[in-house]
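A look at the structure
If you want the building blocks of each chain, they are given just below.
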Amino acid sequence: EDLVVIDECIAAFLSKTGLSLKVIQDSLQSTPLKAALSAAQSSEPGAMADQSSQEARPEDILVAILRVLQTTALFSTSVSILEANLHSSIATLKAEWREKASSIHVWFTLFPGQREAHEDKLESFEGGATSLLPTTEKSLKDFCGAAEQLVLDYMMIKVKESLQGLGESKLWSRSEEKDKTFDLPSFSVFPSKHVTNLGEYLLIVPQQFEVLDDLDELNSRRIKIKESEGGEEGSQESNSFAAEWITRIVEEASKLYIRDILRIPRLSENGCSQLQADIDYLCNILQALFVPVPLTLKTIASNLSLKSDEIANGKSKPKECDASTWDRIVRMRLDK
């Protein structure tokens with residue numbers, strides 16, 4: 001009965017807090033907030049034009065949202081530790097149950113019939129297969145999902161601003177014939193403003209997590225939970241809360257970039273060169289942040305490295321590629 005009360009109380013708290021997160025998330029999607037954030041960027045005196053707008057946004061908003069994420073992770077690990085301790089206590093109680101000299105047998109003598117009822121409950125809880133806090137477990141999952149989505153939505157505002165208009169840009173369809181009057185050398189193509197703005201923002205994401213404290217405590221808790229679950233003890237970096245979230249944010253930004261690339265209606269030869277320069281730049285950013293390059297991005301880069309006549313016969317498709325992405329790029333290049 002005590003477990004049921006604890007379970008319901010924690011679940012009610014998480015439910016109420018989750019509603020508050022939903023309100024904050026809805027406000028992030030509102031036009032007034034986005035306009036205010038953009039105004040904060042444009043009105044800051046002496047700000048460089050190519051500086052990330054995330055730095056110009058009110059710092060308390062960023063810190064507050066990241067602290068929501070940190071608090072969520074701490075609460076989640078605390079609940080996991082609590083449940084592990086409860087299972088350990090039940091195992092201890094089960095051991096005392098078998099000892100006839102234990103004081104618990106006095107209870108059964110005073111209250112006949114209690115032994116069978118409690119024995120069935122202990123049997124169902126023993127081993128850790130059954131959650132002792134089922135309502136909390138469900139509410140915690142919803143709460144963590146809401147908090148994580150809130151962080152991703154906020155961190156993607158700048159990403160979406162950087163990629164705005166990428167699919168409709170004339171860079172991809174332009175056709176400039178080489179001047180045959182003079183034999184001028186061909187110059188390298190520089191990355192477009194869309195991808196450079198995106199890359200500059202991604203490079204400051206690790207700095208944004210420096211505002212959080214107590215990360216050592218959180219990382220220690222996460223490692224202990226993994227060890228208790230039978231997992232191998234990993235390196236501190238692989239278990240780092242900040243490193244995990246930096247990777248998630250960069251991967252989500254990469255997905256949005258790839259999504260917008262695949263919306264480009266047509267790619268000329270010059271457009272292919274431009275897109276190849278952009279992708280090479282972004283891949284370098286990902287490597288600098290120790291984030292794996294997505295297969296879809298590798299597929300696009302592989303396609304762009306070939307000439308149009310090489311992809312037209314359909315024999316140049318590599319075995320390890322995203323087939324749908326490859327076919328989409330082929331249609332973009334061959335659509336005259």
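Residues numbered from 1 in each chain as written. Predicted model: local features only at pLDDT ≥ 70, side-chain atom pairs only at ≥ 80, totals over all residues. Heavy atoms only, no water.

Once that is clear, we can look at the overall build of the protein chain. From N to C terminus, the protein chain includes 14 helices and zero strands. Within the protein chain, the proportion of its 336 residues that are buried is 38%. Taking contacts inside the protein chain between residues at least 6 apart in sequence as the whole, the part at least 24 apart equals 78%. Accessible surface computed for the protein chain: about 19600 Å², of which carbon and sulfur atoms make up 55%. (Helix = DSSP H or I, 4+ residues; strand = E, 2+ residues; numbered from the N terminus. Buried < 20%, exposed > 50% of the residue type's maximum accessible area, 1.4 Å probe, protein only. Contact = heavy atoms within 4.5 Å. Areas by Shrake-Rupley, 256 points an atom, 1.4 Å probe, with all protein chains shown as cover.)

A few words on the packing of helix 12 (residues 295-304) against helix 14 (residues 323-334). Viewed as axis vectors pointing N to C, helix 12 and helix 14 meet at an angle of 35 degrees, and their least axial separation amounts to 9 Å. Of the two possible hands of crossing, helix 12 and helix 14 adopt the one that is right-handed. Here Thr296, Thr299, Ile300, Ser302, Asn303 and Leu304 of helix 12 come into contact with helix 14, specifically with Thr325, Trp326, Ile329, Val330 and Arg333. Partitioning the contact of helix 12 with helix 14 into residue classes produces five nonpolar, five polar and one charged. (Axes fitted to C-alpha atoms, helices over the stretch in contact; angles between N-to-C directions. Left-handed = near helix turned anticlockwise from the far one by under 90°. Nonpolar A, V, L, I, M, F, W, Y, C, P; charged D, E, K, R; others polar.)

One can describe the packing of helix 7 (residues 134-163) onto helix 10 (residues 241-261) by two numbers: an axis separation of 10 Å at closest approach and a directional angle of 45 degrees. When the interaxial angle is binned, helix 7 and helix 10 end up oblique. As for how helix 7 packs across helix 10, the hand of that crossing is right-handed. For the pair helix 7 and helix 10, the contacting residues are Glu148, Val151, Leu152, Met155, Met156, Val159, Lys160 and Leu163 in the first and Trp245, Arg248, Ile249, Glu252, Ala253, Leu256, Tyr257 and Asp260 in the second. A class-by-class count of the residues in the contact of helix 7 with helix 10 yields 11 nonpolar, no polar and five charged. (Parallel < 35°, antiparallel > 145°, perpendicular 65-115°, else oblique.)

Turning our attention to the pattern of salt bridges. Scanning the entire structure with this criterion turns up five salt bridges. Measuring nitrogen to oxygen at the nearest pair gives 3.4 Å for the salt bridge that ties Asp142 to Lys138. Separated by four residues within a single helix, Asp142 and Lys138 lie in helix 7, roughly one turn from each other. Taking the shortest distance from any N to any O, the salt bridge between Arg263 and Asp260 comes out at 3.9 Å. Since its relative accessible area comes to 54%, Arg263 is described here as exposed. Given the relative accessible area of 9%, Asp260 is considered buried. Several salt bridges share partner residues, and in doing so they unite Arg259, Asp260 and Arg263 into one network. (Salt bridge = Lys/Arg side-chain N within 4 Å of Asp/Glu carboxyl O.)

Looking now at helix 12. Among all positions of helix 12, only Thr296, Leu297, Thr299, Ile300, Asn303 and Leu304 are buried. Around the axis of helix 12, the buried residues are gathered within 155 degrees of arc, so they sit on the same side. (Arc of directions from axis to C-beta.)

One finds Leu202, Phe209, Tyr257, Leu275, Ile279, Leu282 and Leu297 to be the most contacted residues of the largest nonpolar core, which totals 61 residues. Elements supplying a minimum of two residues to this core: helix 1 (2-28), helix 4 (59-97), helix 7, helix 8 (193-208), helix 10, helix 11 (269-288), helix 12 and helix 14. Among the elements that make up this core, the one with the highest residue count is helix 7 (14 residues). (Core = buried A, V, L, I, M, F, W, Y, C linked by side-chain atoms within 4.5 Å.)

Further remarks concern the packing of aromatic side chains. Taken as a whole and assessed by the stated rule, the structure comprises one aromatic pair. Measuring from ring centre to ring centre gives 5.8 Å for Phe13 and Phe75, while their planes differ by 35 degrees; the resulting arrangement is tilted. Of this pair, Phe13 sits in helix 1 while Phe75 sits in helix 4, and the two are 62 residues apart along the sequence. The ring of Trp245 has Arg248 sitting right over it, with the charged end atom 4.3 Å from the ring centre. (Phe/Tyr/Trp six-rings, centres within 6.5 Å; stacked < 30°, edge-to-face > 60°. Lys NZ or Arg CZ within 6 Å of the ring centre and 35° of its normal.)

Below, the discussion takes up the confidence of the model for the protein chain. Of all residues in the protein chain, 68% attain a pLDDT of 70 or more, and the chain-wide mean is 78. The weakest mean pLDDT in the protein chain belongs to helix 3 (residues 53-56) at 43; the strongest belongs to helix 12 at 96. Here residues 39-58 scores under 50 on pLDDT; set against residues more than four positions off or in separate chains, the count is 24 contacts. With pLDDT under 50 throughout, residues 178-187 is counted as low confidence; its partners more than four residues away or in other chains account for three contacts. (pLDDT = per-residue confidence, 0-100.)

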